[in-house]
Amino acid sequence: MAPLQLEIEQRGRRIFELVDQHPESLFSKAGFYQRLMTLSMRDERFKTQLFRFVAVLPSLRRSSEIIEHLEQYFIDTNDGLHPLVGVGIRLARLFPWISAPVLRWNVSEMARQFIAGRNPHEVIATLRKRRAQKIGFTVDVLGEAVVSEAEADEHAAFYGDLLEKLTRETRDWTDPLEKNADLFPVVNLSVKISALYSQITPDAPAEAIAHVSTKLRPLLNRARDLGAFINIDMESYALKNTTLQLFKAILTEPEFKDWPHAGIVIQAYLRDSEADLLDLIEWGRTRGTRFAVRLVKGAYWDYETTKSGQNGSNPPVFLQKPQSDANFEKLTRVLFQNNAVVTPAFGSHNVRSIAHAQAVADELGIDRRRFEFQLLYGMAGPIKRALVGMGYRVREYCPIGELLPGMAYLVRRLLENTSNEGFLRAKFAENVPAKELLRDPKELIKPAAAGIADRAASKGSNHKNGASLHATAGDSFRNAPLVSFIYKDSQDKMQSALREARKRLGEKHPLFIGGEKIWTDNLTPSVNPAEPTEIVGYGTEAGIDEAEHAVKAARAAFETWRWTPFEERARLLERAADILERRRYELSAVEVFEVGKPWSEADADIREAIDFCNFYAQQMRRLGRPKLTQQVPGEDSYHHYWPRGVAFVIAPWNFPIAILCGMASAGVVTGNAVIMKPSEQSIICGAMLMEVFEEAGVPPGVLNFLSGHGSVIGAHLVDHKDVDLIAFTGSREVGLKIWESAGITRPGQRELKRVICEMGGKNAMIVDADADLDETIMYSIYSAFGFQGQKCSALSRLILLEENYDRVMERLIPAAASLRIGNPEQPGIMVGPVIDEPAYRRILEYIEIGKKEATLAYQAKELPPHGYFIPPTIFTDVKPNMRVAREEIFGPVLSVLKVRDLDEALEVASGTDYALTGGFFSRSPDNIERVKARLEAGNVYINRSCTGAIVGRHPFGGFKMSGSGTKAGGEDYLLNFLVPRVVTENTSRHGFAPEQTPEYRDEFLWPKSKP
Ligand SMILES: Cc1cc2nc3c(=O)[nH]c(=O)nc-3n(C[C@H](O)[C@H](O)[C@H](O)COP(=O)(O)OP(=O)(O)OC[C@H]3O[C@@H](n4cnc5c(N)ncnc54)[C@H](O)[C@@H]3O)c2cc1C
């Protein structure tokens, strides 16, 4: 055995011996808590329900509510009630007035196990006890989910106050180890940057750093004066780069350059943690003053893997626990090797990780009082005691705060304690032998799953464009990941694309008909709504002649294209998807200029276009092969599809590439010939999409690009006898006209026109009495004001139960007041300009109407001087019959309606002409089921934003006056572009028939296509 491993085992065993001298179960509080945790470890479903129940409990006020939730959460766990819970519920039903407070008390006690105190006074009492045990502290203020600048200011002020109080209280405290005290001030605070700025976005680190620095500087200054230490905690990956940059930037400022008492966290579960640590060390050397690093594995593993799974991107974390452990050990050595510039702290409860750090320190001759072990309050008490006994420096991480803001922290701790992979569970709950627990993690890494890609691939049949005929779309389709603006590289690419797009402002773009570029004498300028004097480009204006030309070209092309094998058509879309991906930043930049989309919204639009191409290609492969209707002897009947003919696509400006691309690509892949007309406000985006298809090799006439006035060419083509299908997305007014006009059969018309009509919404979200308010506010604000409320899915009516009304409003308005409004060319902007002057005037008119009908509860005051900027506005006292509650405004205006209960909420939510999106915030399983079943909306979203549908995952579209019931990005969308056909053949000859007929056959093509 290698000497180091031997040493680790010896030290590990020594720690275990000391631990076993004071045996303690995993959960130091016996009784209720311990039993629940034991159950959780046995039964995953019970654990999920329990943690959900624990998370909602502090926000329940009435005993009856508590009992109802208890029942709803546990009624069907473990195929019926768990005996312990069953008895509990039965008792609770009989004595709710006793049971509810007892439950609440028990959960508070559970939280108290991990929370060192509700206020500075309580925390100080705890710290005194620890001092007697020679354990130091770092205090963290709970409640990092700030939704407004008011909350961020309060949080910062609390830290300031805490610093003063702790310094006062610990004036006479000396270092417990009485050596190297200069490296380890007694007072130590842990700060999370997200709690200091409510508008942090990963794409705008400079802006975040500027804001957070203004809050952090006074705290650092005061800490330096008082001789205290400040540690910056590390949160989710999205904030990691900003946190590192901030730390380096602020500590290089002249006033802090020579201050050694600041630290930061490195999370060893991150694949890029080694590079980050080396970079920090390099920075520290240049700075010339020591700093501290707390090395941890990381607290957000589940969150990071779930998030990446949703986005289809590689998780930033290792996927095998021993990889994190091994990396922790590797970085431990790096820290010790650089002890001259960095003071290490090891944040772990894992005896193997701890013993390894001890052994490496000895190997490198580092005094055990020059680094510290940090452990969480309420966890691994015996290990802390053992380490103190061995003469090591121990500091406890002590959260302070009330139960409600502390819930996220509590749930993280419960998860950690019961995690299958966790050390604590293995040692204290499952009594895994020491030898096992002390094994070298490198030996435990399984080579097969070491690659991230392997894991992604093994998760179902989630391969790109899986052409399986049986898999459902959701199973076999893989969305393009969003660009992650966490990375500097992505930020730089976007900045450079914006610079390049700026150079090309004012370019002229032709029509594209029958494979040729066509120019006319009329050019239409398209302006930047954030700077209306700036012309983004000119589109060539088509008149009736060009429209006629396009119909003829399309008609001619249709006759060939319709007989082109579907595989070829699908490949065309995939080539277009690849080009969109290659030109992704460039196209996003054009959207920023032409329609005022913030960066990430623009990127999401291009991603959606890519997804549409790949998804419809996949769906065409599914639909393209004729399918046997029934297995009968002597006859085969195959069901298959033909394209309809010439499709006219009319798209809006708010998703200027995605929606145009979605409708056009669906038309093309199904074998129709398409004429696409972009919105008059987004001609340049439309022209760029045409370029993409041209490069992808679309045959002449199969896709034609016609920009011009809707009232002229739009109306002409809708009525045209040679147009067989109209795919429209836009306003209700225009949609209804098209619907009506298409119903008239004109002389010479071959087909009954099919209209795909997607119109507006008056979308509502209901907030239940028990909703998680952090999430409610964050998602409501985003749904209502993201991209200036100009999504047909945007939230425009927030329906609050009267019980909850004040609590929501109290946070909603400051959250709206904190939004960043500005030119979306800058990163991190949430609210940009509305599309054009008519929209600007119309929305302002609605605001005037709102002022007369309802109460203006909030309106932003500071707006950029130029451009069509509308202040985010909130109306209260809105009644369902008011115009602001019924009519689509399509801007950053939110109406808040107060209702008695969920019955009324559902009635109000469903009581408009529209049924597009709708949402519900609740933690009551029964209420959630009820809303899922009853809310009148094409897309219902629970506990999340009501915008941002993803192709394949959330087929999108509404009914009533929101649309004709089609679902873009859904399995059945392509059927709208097709006519079904059945071919039946008698295959028997004199009573003799083949035994089996294949389920699928080749396409009906003549002349037969070559294999
Ligand atoms: C004092 C202190 C401060 C901390 N501060 C922070 C902080 O600022 N930011 C932060 O993110 N964390 C922080 N942590 C870490 C976090 O809260 C956990 O306590 C820690 O990750 C648990 O690691 P462990 O070594 O104690 O236990 P172990 O049981 O050895 O390790 C558990 C950890 O392994 C990792 N892991 C679990 N499953 C897998 C898997 N399948 N693949 C790869 N890795 C996996 C996770 O990080 C998990 O937390 C802190 C911890 C302490 C003790």
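Before going into details, it helps to say that this report is about the structure given with it.

What counts and how
Residues numbered from 1 in each chain as written. Predicted model: local features only at pLDDT ≥ 70, side-chain atom pairs only at ≥ 80, totals over all residues. Heavy atoms only, no water. Helix = DSSP H or I, 4+ residues; strand = E, 2+ residues; numbered from the N terminus. Rg over C-alpha atoms; globule rule 2.2 N^0.38 Å. Buried < 20%, exposed > 50% of the residue type's maximum accessible area, 1.4 Å probe, protein only. Arc of directions from axis to C-beta. Contact = heavy atoms within 4.5 Å. Near = heavy atom within 4 Å. Polar contact = N/O pair within 3.5 Å; in protein donor to acceptor, adjacent residues only side chain to side chain. Areas by Shrake-Rupley, 256 points an atom, 1.4 Å probe, with all protein chains shown as cover. Nonpolar A, V, L, I, M, F, W, Y, C, P; charged D, E, K, R; others polar. Phe/Tyr/Trp six-rings, centres within 6.5 Å; stacked < 30°, edge-to-face > 60°. Lys NZ or Arg CZ within 6 Å of the ring centre and 35° of its normal. Pairing = 2+ DSSP bridges. Axes fitted to C-alpha atoms, helices over the stretch in contact; angles between N-to-C directions. Core = buried A, V, L, I, M, F, W, Y, C linked by side-chain atoms within 4.5 Å. Salt bridge = Lys/Arg side-chain N within 4 Å of Asp/Glu carboxyl O. Parallel < 35°, antiparallel > 145°, perpendicular 65-115°, else oblique. Right-handed = clockwise from strand over helix to strand, strands pointing away.

1. Here we look at the overall build of the protein
Okay, step 1: Along its length, the protein carries 36 helices and 30 strands.
Okay, step 2: Whereas a compact globule of 1011 residues would reach a radius of gyration of roughly 30 Å, the protein reaches 32 Å, a difference of no more than 12%.
Okay, step 3: With the C-alpha coordinates of the protein rotated into their principal frame, the extents come out at 100 × 80 × 65 Å.
Okay, step 4: Out of the 1011 residues belonging to the protein, those deemed buried represent 59%.

2. A look at helix α12 (residues 301-311)
Okay, step 1: When we look at burial in α12, the residues that qualify are Glu-304, Thr-305, Ser-308 and Asn-311. Buried positions in α12, seen along its axis, are confined to an arc of 135 degrees and lie on one side of it.
Okay, step 2: The elements touched by buried residues of α12 are α26 (599-624).
Okay, step 3: After α12 finishes, the residue Gly-312 shows a positive phi value of roughly 70 degrees.

3. Notes on the site of the ligand
Okay, step 1: As a matter of local geometry, the ligand sits amid 31 residues, with Gly-298, Ser-324, Ser-348, Glu-416 and Phe-423 nearest to it.
Okay, step 2: At 3.3 Å, a backbone N or O of Phe-318 approaches a nitrogen atom of the ligand.
Okay, step 3: One nitrogen or oxygen atom from the side chain of Glu-421 is found 3.1 Å from a nitrogen atom belonging to the ligand.
Okay, step 4: When the free accessible area of the ligand is taken as 930 Å², the share hidden by the protein chains comes to 94%.
Okay, step 5: Among the secondary structure elements, those contributing two or more residues to the shell around the ligand are β4 (262-267), β5 (291-296), α13 (321-337), β7 (372-376) and α16 (407-418).
Okay, step 6: Along the lines of polarity and charge, the residues of the shell around the ligand split into 13 nonpolar, 10 polar and 8 charged.

4. Some thoughts on the packing of aromatic side chains
Each aromatic ring pair is characterised by the separation of its centres together with the angle its planes make.
Okay, step 1: According to the stated counting rule, one finds 29 aromatic pairs in the structure shown.
Okay, step 2: Taking 6.2 Å as the distance between ring centres and 85 degrees as the angle between the ring planes, the aromatic pair formed by Phe-137 and Trp-173 counts as edge-to-face. On the criterion of sequence distance, the pair formed by Phe-137 in strand β1 (residues 136-141) and Trp-173 in the loop between α8 (149-169) and β2 (188-191) is long-range, its members being 36 residues apart. Neither Phe-137 nor Trp-173 differs from the other in exposure class; each is buried.
Okay, step 3: Where Tyr-616 meets Tyr-973, the ring centres are 5.4 Å apart and the plane angle is 20 degrees; that geometry is what we call stacked. Separated by 357 residues along the polypeptide, Tyr-616 in helix α26 and Tyr-973 in the loop between β29 (959-960) and β30 (978-986) bring together distant segments of the chain.
Okay, step 4: Its relative accessible area of 0% is what places Tyr-616 among the buried residues.
Okay, step 5: Seen from the ring of Trp-642, Arg-562 lies directly overhead, with NZ or CZ sitting 5.0 Å from the centre.
Okay, step 6: Sitting over the face of the ring of Phe-655, Lys-597 holds its NZ or CZ atom 3.9 Å from the ring centroid.

5. Topic: the sheet that holds strand β12 (residues 523-528)
Okay, step 1: Read across the sheet, 3 strands follow the order β9-β13-β12 without closing on themselves; strand pairing throughout is mixed. Because the sheet does not close on itself, it has two edges, and the strands there are β9 (507-509) and β12. Recorded for the sheet is a direction-independent mean angle of 35 degrees between the axes of neighbouring strands.
Okay, step 2: As judged from the 3 bridges shared by β9 and strand β13 (residues 531-540), these two strands associate in the parallel manner. The partner of Lys-508 across the bridge, within β13, is Tyr-538.
Okay, step 3: On the sheet, helix α25 (residues 584-595) packs against β12 and β13 and is oriented at approximately 90 degrees with respect to β12.

6. Details of the sheet that holds β1
Okay, step 1: Taking strand neighbours around the barrel as the criterion, the 8 strands line up as β1-β2-β3-β4-β5-β6-β7-β8 in a closed arrangement whose pairing is parallel. Each adjacent strand pair in this sheet contributes to an overall mean axis angle of 30 degrees, direction not counted.
Okay, step 2: In the sheet, β1 pairs with β2 via 2 bridges, with the strands oriented parallel. Counterpart to Asp-140 in the pairing with β2 is Ser-190.

7. Brief notes about the nonpolar core
Okay, step 1: Core analysis: the biggest nonpolar cluster contains 124 residues, and Val-139, Leu-216 and Ile-383 have the highest contact counts within it.
Okay, step 2: Broken down by element, the residue count for this core peaks at 7 residues, all from helix α9 (residues 205-226).
Okay, step 3: In this view, Val-139 contacts Val-123, Leu-127, Tyr-159, Leu-162, Leu-166, Asn-188, Leu-189, Ser-190, Cys-398 and Ile-400; residues no more than four positions away in its chain are not counted.
Okay, step 4: One finds Ile-610, Ala-658, Ala-687 and Val-951 within the second-largest nonpolar core, a separate group that totals 77 residues.

8. Considerations on the pattern of salt bridges
Okay, step 1: Summed over the entire model, instances satisfying the criterion amount to 75 salt bridges.
Okay, step 2: Between Glu-416 and Arg-413 there is a salt bridge, with the nearest N and O atoms lying 2.6 Å from each other. Of this pair, Glu-416 and Arg-413 both sit in helix α16, separated by 3 residues, roughly a single helical turn.
Okay, step 3: On the basis of relative accessible area, Glu-416 is assigned to the partly exposed category, the value being 29%.
Okay, step 4: According to the relative accessible area criterion, Arg-413 is buried, its value standing at 4%.
Okay, step 5: We note a salt bridge from Lys-721 to Asp-722, for which the minimum N-O separation is 3.1 Å.
Okay, step 6: For Asp-722, a relative accessible area of 13% corresponds to the buried category.

9. Some words on the environment of Leu-573
Okay, step 1: For Leu-573, the position within the fold is in helix α24 (residues 566-582).
Okay, step 2: A sequence separation of 44 residues divides Leu-573 from Ala-617, and the C-alpha atoms of the two residues are 6.2 Å apart.
Okay, step 3: Excluding its chain neighbours within four sequence positions, the residues that come into contact with Leu-573 are Cys-613, Tyr-616, Ala-617, Ser-665, Val-668, Val-669 and Phe-693.

10. Some remarks on the side chain of Lys-427
Okay, step 1: Mapped onto the elements of the fold, Lys-427 is located in helix α17 (residues 423-429).
Okay, step 2: At a separation of 3.5 Å, a polar atom in the side chain of Lys-427 contacts the side chain of Asp-20.
Okay, step 3: Beyond its immediate sequence surroundings of up to four residues, Lys-427 is in contact with Phe-16, Val-19, Asp-20, Val-432 and Leu-437.

11. Some thoughts on the packing of helix α10 (residues 240-252) against helix α11 (residues 273-287)
Okay, step 1: Orientation of α10 relative to α11, taken along the N-to-C sense of each, is 10 degrees, at an axis distance of 11 Å. Classified by the interaxial angle, the pair formed by α10 and α11 is roughly parallel. Contact residues: Lys-240, Leu-244, Phe-247, Lys-248, Leu-251 and Thr-252 in α10; Asp-276, Asp-279, Leu-280, Trp-283 and Arg-287 in α11.
Okay, step 2: Residues of the contact of α10 with α11, tallied by class, amount to 5 nonpolar, 1 polar and 5 charged.

12. Focus on the environment of Ala-408
Okay, step 1: If you trace the backbone, Ala-408 turns up in helix α16.
Okay, step 2: For Ala-408 and Glu-144, which are 264 residues apart along the polypeptide, the C-alpha to C-alpha distance reads 8.9 Å.

13. Observations concerning the pairing of β4
Okay, step 1: Counting buried positions along β4 gives 6 out of 6 residues, so the element sits mostly inside the fold.
Okay, step 2: With burial as the criterion, each face of β4 is covered, one bearing Ala-262, Ile-264 and Ile-266 and the other bearing Gly-263, Val-265 and Gln-267.
Okay, step 3: Relative to β4, strand β3 (residues 229-232) is paired through 3 bridges, and the arrangement is parallel. In the sheet register, Ile-232 faces β4, and the bridge partner there is Ile-264.
Okay, step 4: Regarding topology, α10 serves as the crossover connection from β3 to the parallel β4, and that connection is right-handed.
Okay, step 5: When β4 meets β5, the two strands line up parallel, connected through 5 bridges. The residue of β5 that forms the bridge with Ile-266 is Leu-295.
Okay, step 6: Handedness of the β-α-β unit built from β4, α11 and β5 comes out right-handed.

14. Thoughts on the side chain of His-155
Okay, step 1: Within the secondary structure, His-155 is located in helix α8.
Okay, step 2: On the basis of relative accessibility, which here comes to 8%, the residue His-155 falls in the buried class.
Okay, step 3: Not counting residues up to four positions away in its chain, the partners in contact with His-155 are Val-141, Leu-142, Gly-143 and Ala-195.

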